[in-house]
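The lines below spell out each chain.
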Amino acid sequence: MPLAKINGISPGNTQGMKVTVESARTKKKNGSVDSFIHADVPVPTRLQVLSDDHFNTDPDDLHWGHVGNLGHIETQLQQIVDFVFQEGEHAN
């Protein structure tokens, strides 16, 4: 019994299917490359400005919770730096 065509492609002719899969992969990759190149990541500048202003903390209102918050921020930023530069736990 001969095999039926699926989506217009017979079992013996997979050439058209391969081209379609390759085209989809190329489009997907091109889309991700475009998104990556055009990504706007303003966070470091904003964080630097905030840091220069002591994270908008009034010295009269400062308490140990603020110190803990800075420690948490430092830990999180170190994880980002390690990830980006493949250092620390992200080292190869």
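Quick caveat: nothing in here was measured; it's all calculated off a predicted structure.

Cut-offs and rules
- Residues numbered from 1 in each chain as written.
- Predicted model: local features only at pLDDT ≥ 70, side-chain atom pairs only at ≥ 80, totals over all residues.
- Heavy atoms only, no water.
- Helix = DSSP H or I, 4+ residues; strand = E, 2+ residues; numbered from the N terminus.
- Buried < 20%, exposed > 50% of the residue type's maximum accessible area, 1.4 Å probe, protein only.
- Lys, Arg positive; Asp, Glu negative; His and termini not counted.
- Salt bridge = Lys/Arg side-chain N within 4 Å of Asp/Glu carboxyl O.
- Contact = heavy atoms within 4.5 Å.
- Patch = residues over 30% accessible without salt bridge, like charges linked within 9 Å, V, L, I, M, F, W, Y side chains within 5 Å.
- Areas by Shrake-Rupley, 256 points an atom, 1.4 Å probe, with all protein chains shown as cover.
- Expected span 1.5 Å × (residues − 1).

Trainee: Looking at this structure, how should I read the side chain of Asp82?
Mentor: Its place among the elements puts Asp82 in helix α3 (residues 64-84). For the buried residue Asp82, which engages in no salt bridge, the nearest side chain bearing the opposite charge is Arg46, 23 Å off. With sequence-adjacent residues up to four places away left out, Asp82 is seen in contact with Glu87, Gly88, Glu89 and His90.

Trainee: Please explain a nonpolar patch on the surface as it appears in this structure.
Mentor: Taken together, the side chains of Val43, Leu47, Leu77, Ile80, Val81, Phe83, Val84 and Phe85 define a hydrophobic patch exposed on the protein surface, amounting to about 730 Å² of accessible area. Where the nonpolar patch is concerned, the elements lending two or more residues are α2 (43-52) and α3. The element contributing the most residues to the nonpolar patch is α3, with 5 residues. Mapped onto the fold, Ile80 is located in helix α3.

Trainee: Please clarify how α2 should be interpreted in this entry.
Mentor: Taken across its 10 residues, α2 has 0 buried, putting it largely on the surface. Positioned one or two residues after α2, His54 has a phi angle of 55°, which is positive.

Trainee: Would you mind going over unusual backbone geometry with me for this structure?
Mentor: Across the chain, the bulk of peptide bonds are trans and the bulk of non-glycine residues have phi less than zero. At Phe55, a residue that is not glycine, the phi angle is positive and equals roughly 55°. Here Phe55 shows up in the loop between α2 and α3. Of note in this structure, Gln86 is not a glycine but carries a positive phi near 50°. Taking relative accessible area as the criterion, Gln86 reaches 44% and is therefore assigned partly exposed.

Trainee: Which parts of the structure should I look at to understand α3?
Mentor: For the α-helix, the turn length of 3.6 residues means that residues three or four positions removed from each other point alike. Spanning 21 residues, α3 covers 30 Å between terminal C-alpha atoms, matching the ideal 30 Å at 1.5 Å per step. Just downstream of α3 lies Gln86, where phi reads positive at about 50°.

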